[in-house]
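Chain residues, written in single-letter form:
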Amino acid sequence: QSLPQQKLLTWLSVLECVEVFAEMGTARVWGEMGRWTIIVLIQLAKAILRLLLLLWYKGGIQMSPPIVPLNREQQQPLYPQDAEDSSLGKDQTYIGKRSSRVVRSLHNTPSLQSRHWGYPQQREESQSRRAEINQPPTSLGLQETIAESIYITRPLLHLLSLGLWGQRSWKPWLLSAVLDISSLSLLSDLKDLNRRERAELRRRTILLLYYLLRSPFYDRYSEGRILLLLRLLADYVPGVGFVTRPLMDYLPAWQKIYFYNWG
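Residues numbered from 1 in each chain as written. Predicted model: local features only at pLDDT ≥ 70, side-chain atom pairs only at ≥ 80, totals over all residues. Heavy atoms only, no water.

Identification of the protein chain as Peroxisomal membrane protein PEX16 from Calypte anna is taken from an unreviewed UniProt entry. According to the UniProt record, the Sequence similarities (unreviewed entry) comment for the protein chain is "Belongs to the peroxin-16 family." (UniProt positions renumbered as here; feature names shortened; annotations may be inferred.)

Laid out in structure tokens, this is it:
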């Protein structure tokens, strides 16, 4: 990735990390008008960054989170001694004749400062996972680019429909659902996706369940049934009440925060 593309991904990650805090803080200081203003500004900035990544840098399917969290256990570099031993043709592992256990060869022992105590295959697995992460994005055709553009602009269209028809109307809910399903349907024809892209499409499919928690569907149908189920679990399943009772108290507040259930 080029340096400008990395900067765009960094700013996009920052926005996704602070969006809930910005919404709640602005609502506390400037009220509902300030809250909706900051929601529109953040969604507009996210859409611009994602469209730049998609159309200008050919970034393919947008991931969430944009930057993969660092896993230090998988960032073990190749030891210099390993490269030397490989070039000399020395065996890196030894397989026990009776136990068939794989251990590191004495010729492949790194210095004490750089030594790790994992099994020899662990390093190879971490390198393969790192290679999967660093795979280039799948190139998108016209249909897939339109589908990804629909997914990116869906929050802006939803906010526009909220402004036109209000929060109690079914039209914003239906419009958003149609856009999400249309985007997934158009992207379903892609075959040669890498591991991260397949995981992202699965995540988007699972997130369709959020429509059960989004108003007005939640207010009219889901709220009573979900609270009843949580109450039954708390009353009749031992130990579950420690989780379900706080969840019952928190769910109404969570449902009202835009970036939790719509962003």
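Caption draft 1: Up close: the overall build of the protein chain. When you go through the protein chain residue by residue, the secondary structure sums to nine helices and two strands. Beginning at the N terminus, the succession of helices and strands in the protein chain can be written as α-α-β-β-α-α-α-α-α-α-α. Within the protein chain, the fraction of its 263 residues that count as buried is 36%. Long-range pairs, those at least 24 residues apart, make up 70% of the contacts in the protein chain with a sequence separation of at least 6. Carbon together with sulfur atoms contributes 62% to the accessible area of the protein chain, which is approximately 17,000 Å² in total. (Helix = DSSP H or I, 4+ residues; strand = E, 2+ residues; numbered from the N terminus. Buried < 20%, exposed > 50% of the residue type's maximum accessible area, 1.4 Å probe, protein only. Contact = heavy atoms within 4.5 Å. Areas by Shrake-Rupley, 256 points an atom, 1.4 Å probe, with all protein chains shown as cover.)

Caption draft 2: Local environment of the nonpolar core. The biggest cluster of nonpolar side chains holds 13 residues, and the ones touching the most others in it are Ile39, Leu159, Tyr211, Tyr258, Phe259 and Trp262. Of all the secondary-structure elements, those providing two or more residues to this core are helix H1 (3-56), helix H4 (142-165), helix H5 (170-187) and helix H9 (258-261). The leading source of residues in this core is H1, at four residues. Residues within four places of Leu159 in sequence aside, it is in contact with Trp36, Ile39, Val40, Gln43 and Tyr258. The next biggest cluster of nonpolar side chains, apart from the first, holds eleven residues, and it includes Ala47, Leu54, Leu140 and Leu201. (Core = buried A, V, L, I, M, F, W, Y, C linked by side-chain atoms within 4.5 Å.)

Caption draft 3: Quick peek at the packing of aromatic side chains. For the coordinates displayed, the defined rule picks out eleven aromatic pairs. Summarising the aromatic geometry, the rings of Trp173 and Tyr211 are spaced 5.6 Å apart at their centres and angled 90 degrees between planes, so their arrangement reads as edge-to-face. Highlighted residues: Trp173 in helix H5 and Tyr211 in the loop between helix H6 (195-206) and helix H7 (217-236), separated in sequence by 38 residues. Centre to centre, the rings of Trp254 and Tyr260 are 6.3 Å apart; their planes meet at 20 degrees, and the pair counts as stacked. Take Trp254: its relative accessible area is 13%, and that puts it in the buried class. (Phe/Tyr/Trp six-rings, centres within 6.5 Å; stacked < 30°, edge-to-face > 60°.)

Caption draft 4: Summary view of the packing of H7 against helix H8 (residues 241-256). Close contact between H7 and H8 brings their axes to 8 Å; oriented N to C, the two are set at 160 degrees. With respect to H8, the element H7 is oriented roughly antiparallel. The element H7 and its partner H8 pack so that their crossing is left-handed. Each of Tyr218, Asp219, Ile226, Leu227, Leu230, Arg231, Leu233, Ala234 and Asp235 in H7 lies in contact with H8, whose residues at this interface are Gly241, Thr244, Arg245, Leu247, Met248, Leu251 and Gln255. (Axes fitted to C-alpha atoms, helices over the stretch in contact; angles between N-to-C directions. Parallel < 35°, antiparallel > 145°, perpendicular 65-115°, else oblique. Left-handed = near helix turned anticlockwise from the far one by under 90°.)

Caption draft 5: View of the packing of H4 against H5. Interaxial distance between H4 and H5 falls to 9 Å at its minimum, and their mutual angle equals 175 degrees. Taken together, the axes of H4 and H5 are roughly antiparallel relative to one another. Touching Gln143, Glu144, Ala147, Glu148, Ile150, Tyr151, Arg154, Leu157, His158, Ser161, Leu162 and Trp165 of H4 are Lys171, Pro172, Leu175, Ser176, Leu179, Asp180, Ser183, Leu186 and Leu187, all from H5. Grouping the constituent residues of the contact of H4 with H5 by class yields eleven nonpolar, five polar and five charged. (Nonpolar A, V, L, I, M, F, W, Y, C, P; charged D, E, K, R; others polar.)

Caption draft 6: Focus on a nonpolar patch on the surface. Residues Leu228, Leu229, Leu232, Leu233, Tyr236 and Val237 make up a contiguous nonpolar surface patch of roughly 560 Å² in combined accessible area. In this fold, Leu229 is placed in helix H7. (Patch = residues over 30% accessible without salt bridge, like charges linked within 9 Å, V, L, I, M, F, W, Y side chains within 5 Å. Salt bridge = Lys/Arg side-chain N within 4 Å of Asp/Glu carboxyl O.)

Caption draft 7: A look at H5. Taking 1.5 Å per residue, 18 residues should reach 26 Å; H5 reaches 26 Å between its end C-alpha atoms and fits that length. Summarising the contacts, the buried residues of H5 are in contact with H4, H6 and H7. For H5, the N-terminal cap is Ser169; the gap from its side-chain oxygen to the backbone nitrogen of Lys171 is 3.1 Å. (Expected span 1.5 Å × (residues − 1). Polar contact = N/O pair within 3.5 Å; in protein donor to acceptor, adjacent residues only side chain to side chain.)

Caption draft 8: Region of the structure containing the environment of Val240. One can find Val240 in the loop between H7 and H8. Among the residues examined, Val240 registers a relative accessible area of 26% and is labelled partly exposed. Sequence-wise, Val240 and Leu230 are ten residues apart; in three dimensions their C-alpha atoms are separated by 9.1 Å.

Caption draft 9: Here's a closer look at the pattern of salt bridges. Tallying each qualifying case throughout the model produces nine salt bridges. The shortest N-O distance in the salt bridge between Glu19 and Lys46 comes to 2.8 Å. Accessibility expressed as a relative area gives 8% for Glu19, which makes it buried. The partner of Glu32 in a salt bridge is Arg35, and the shortest N-O contact between them spans 3.1 Å. Of this pair, Glu32 and Arg35 both sit in helix H1, three residues apart, which is roughly one turn of that helix. For Glu32, a relative accessible area of 47% translates into the label partly exposed. Salt bridges here are not isolated pairs; linked through shared partners, they connect Glu148, Glu200, Arg203 and Arg204.

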